[in-house]
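Observations on chain architecture
In case you want the letters, here they are:
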Amino acid sequence: MMSKTHLTVGVATALAVTTPTTVDGIFAAVMGGCIGGILCDIECKSTPDMRDALYGRIIAAGVCGTLLIADAIMGFGIWKSVLSQLGFLTIIGFLILLVVCIIGRCSEHRTFTHSLLYVVLVTLGCSLITEYMLIPVFAGGISHLVIDTFNKKPVPWLYPFKKKGICFNICYASKVGNAIFMWLGLVLTIILLVWRIMTMLTLST
Ligand SMILES: [Zn+2]
């Protein structure tokens, strides 16, 4: 699927799984959904015919950057969590992310980056930086593998143990199936965001 589809479905999945009732929880779900949803396509180069990957990364960076700045100004809790966890494990988390992303970037399309192992390692790296990312990043990553499995190109879930992947052979990555998932993800994201904000407001009164 295309990058915007992975973003909307990743965020919707993270919001659905974490059911946040606080601003920091909502921010974490949106950021983690973006990160998990987008990082599985890190091997896609930003060549003229693959501009989509670049646009997805710009959107994800913009969303995460904006939420991090808002959190830094308003003190919702994500930066506090990063600072309270800061230490040896933070460095390990960064190193895991760096190494996994470099290996992923250099790997062939839909091999290592489209496996459970990759999603687990990316989740581990992020959650060692802040525990807020544990469930949202995992949810976003799994959502990426699930919707890519609907394509006509196999997804090697158990790579490297089983290099031959699976696919439902239903739709092409850039055609009508992709559009359906993208809009479904967007509508679900809006519904879940409104629902969680309403819940939050109700709980605070
Ligand atoms: Zn993919």
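Above this text you will find the structure in question.
Definitions and cut-offs
- Residues numbered from 1 in each chain as written.
- Predicted model: local features only at pLDDT ≥ 70, side-chain atom pairs only at ≥ 80, totals over all residues.
- Heavy atoms only, no water.
- Donors = N, O, S within 2.8 Å, 3.2 Å for Na, K, Ca; no water.
- Tetrahedral: all angles 85-135°; square planar, octahedral: opposite > 155°, others 65-115°.
- Helix = DSSP H or I, 4+ residues; strand = E, 2+ residues; numbered from the N terminus.
- Buried < 20%, exposed > 50% of the residue type's maximum accessible area, 1.4 Å probe, protein only.
- Patch = residues over 30% accessible without salt bridge, like charges linked within 9 Å, V, L, I, M, F, W, Y side chains within 5 Å.
- Areas by Shrake-Rupley, 256 points an atom, 1.4 Å probe, with all protein chains shown as cover.
- Salt bridge = Lys/Arg side-chain N within 4 Å of Asp/Glu carboxyl O.
- Core = buried A, V, L, I, M, F, W, Y, C linked by side-chain atoms within 4.5 Å.
- Contact = heavy atoms within 4.5 Å.
- Expected span 1.5 Å × (residues − 1).
- Polar contact = N/O pair within 3.5 Å; in protein donor to acceptor, adjacent residues only side chain to side chain.
- Phe/Tyr/Trp six-rings, centres within 6.5 Å; stacked < 30°, edge-to-face > 60°.

Comments concerning the coordination of the zinc ion
Surrounding the zinc ion are the protein donor atoms Asp 41 (OD), His 114 (NE2), His 144 (NE2) and Asp 148 (OD), at 2.0 to 2.4 Å. For the zinc ion, the 4 donor atoms in the first shell make angles of 88 to 175 degrees at the metal, so the coordination geometry reads as irregular. Sequence spacing of the donor residues for the zinc ion, all on one chain, is D-x72-H-x29-H-x3-D. Highlighted residues: His 114 in the loop between helix H5 (88–106) and helix H6 (116–129) and Asp 148 in helix H7 (residues 134–148), separated in sequence by 34 residues. In this structure His 114 comes out as buried when scored by relative accessible area, which is 0%.

Description of unusual backbone geometry
Of note, the bond from Tyr 159 into Pro 160 is cis; its omega dihedral lies within 30 degrees of zero at 5 degrees. Tracing the chain through its elements places Pro 160 in the loop between H7 and helix H8 (176–204). A positive phi angle, close to 55 degrees, is found at Arg 110, a residue other than glycine. Mapped onto the elements of the fold, Arg 110 is located in the loop between H5 and H6. Taking relative accessible area as the criterion, Arg 110 reaches 8% and is therefore assigned buried.

Observations concerning a nonpolar patch on the surface
Taken together, the side chains of Ile 91, Leu 95, Leu 98, Val 99, Ile 102 and Ile 103 make up a nonpolar region of the molecular surface, amounting to roughly 560 Å² of accessible area. Relative accessible area serves as the criterion here: at 52%, Leu 98 is assigned to the exposed category.

Thoughts on the nonpolar core
Counting residues in each nonpolar core, the largest one holds 40 residues, and the members touching the most others are Met 31, Leu 39, Tyr 118 and Val 122. Counting only elements with at least two residues in this core, the list comes to helix H1 (3–18), helix H2 (23–39), helix H3 (51–74), helix H4 (78–85), H5, H6, H7 and H8. The element contributing the most residues to this core is H2, with 9 residues. Contact partners of Leu 39, with chain neighbours within four places excluded, come to Cys 101, Tyr 118 and Val 122. With 5 residues, the next largest nonpolar core counts Met 1, Ile 147, Cys 171 and Phe 181 among its residues.

Considerations on H6
Residues separated by three or four positions in an α-helix point in the same direction, a consequence of the helix having 3.6 residues per turn. The terminal C-alpha atoms of H6, which comprises 14 residues, lie 20 Å apart, in line with the 20 Å expected from a rise of 1.5 Å per residue. For H6, every residue scored as buried is listed here: Tyr 118, Val 119, Val 122, Thr 123, Gly 125, Cys 126, Ser 127, Leu 128 and Ile 129.

Regarding the pattern of salt bridges
The tally for this structure, following the rule as stated, stands at 1 salt bridge. The partner of Arg 110 in a salt bridge is Asp 148, with the nearest N and O atoms 3.4 Å apart. Of this pair, Arg 110 sits in the loop between H5 and H6 while Asp 148 sits in helix H7, placing them 38 residues apart in sequence. Each of the two residues, Arg 110 as well as Asp 148, counts as buried.

Re the side chain of Asp 24
In this structure, Asp 24 sits in helix H2. At a separation of 2.3 Å, a polar atom in the side chain of Asp 24 contacts the side chain of Tyr 132.

Topic: the environment of Gly 77
If you trace the backbone, Gly 77 turns up in the loop between H3 and H4. What makes Gly 77 buried here is its relative accessible area of 10%. Setting aside chain neighbours within four positions, we find Gly 77 in contact with Asp 24, Asp 71 and Tyr 132.

Some details on the packing of aromatic side chains
Evaluated as defined, the whole model comprises 4 aromatic pairs. Relative to Phe 76, the ring of Phe 27 lies with its centre 5.3 Å away and its plane at 80 degrees, an arrangement referred to as edge-to-face. Of this pair, Phe 27 sits in helix H2 while Phe 76 sits in the loop between H3 and H4, and the two are 49 residues apart along the sequence. Phe 27 sits in the buried class, given a relative accessible area of 14%.

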